[in-house]
Amino acid sequence: MELEEIMKAFAAETGIEGVTADADGAYHFDIDGIGVMFATSGDGVRLGMFAVIGDPPREGREVVYRALLEAMSPGVTGDGLKFSILRGTDRVVLHRTDPLATTDYPVFKARLENLVNVAEDWCRNIADFPALYEKVQGAAQAAKEAAREFGQSGFLQV
């Protein structure tokens, strides 16, 4: 099936009018507040689905990156989903590529639903992360201070 046919079926089911590709042949949508793009590989053999997750916070970024890498473990985010960072930016993108020849509309729809569901979860995770990180950092600092006070009280600290 061709991407244009899949997009026509998508437009018909969702009621979106004027579904057209951009100059590069990609289709862009906002689905539940998530920026999503569909495009074929240069040779037209593979279909790519991309969802913008967002920019990780500056503070504690390595924790976010580790969580993203761990989420790519088999069976965690869903079959075939991967995270990457757009070149030249800090923007995290969730994506997958599949053979276009074996992707009919029902398969496309199921994969899209999975992509959007996982993307929504990660958008929330990244948006909520700064407050969580601050709380964890505060708890770690309190633990260090308590340990220091404990050590000063004459007990052996290991």
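Here is what the cut-offs are and how they apply
- Residues numbered from 1 in each chain as written.
- Predicted model: local features only at pLDDT ≥ 70, side-chain atom pairs only at ≥ 80, totals over all residues.
- Heavy atoms only, no water.
- Pairing = 2+ DSSP bridges.
- Helix = DSSP H or I, 4+ residues; strand = E, 2+ residues; numbered from the N terminus.
- Axes fitted to C-alpha atoms, helices over the stretch in contact; angles between N-to-C directions.
- Contact = heavy atoms within 4.5 Å.

A word on the sheet that holds strand E3 (residues 46–54). Taking strand neighbours across the sheet as the criterion, the five strands line up as E1-E2-E3-E5-E4 in an open arrangement whose pairing is antiparallel. Each edge of the open sheet carries a strand with a single partner, namely strand E1 (27–31) and strand E4 (82–85). On average, each strand axis in the sheet is inclined to that of its neighbour by 30 degrees, with strand direction left out of account. In terms of strand pairing, E3 meets strand E5 (residues 92–99) through eight bridges, oriented antiparallel. Bridging from a neighbouring strand, Leu 47 pairs with Asp 98 of E5. Its contacts with the sheet put helix H1 (residues 3–14) on E1, strand E2 (34–40) and E3, and the angle it makes with E1 is roughly 30 degrees.

The next point concerns the pairing of E2. Relative to E2, E1 runs antiparallel, the two being bridged by five bridges. In the sheet register, Tyr 27 faces E2, and the bridge partner there is Phe 38. Linkage of E1 to E2, two consecutive antiparallel strands, is achieved through a turn of two residues, within which Asp 32 is found at a positive phi near 55 degrees. Taken together, the five bridges between E2 and E3 define a ladder with antiparallel strand orientation. Within E3, the residue paired with Phe 38 across the bridge is Met 49.

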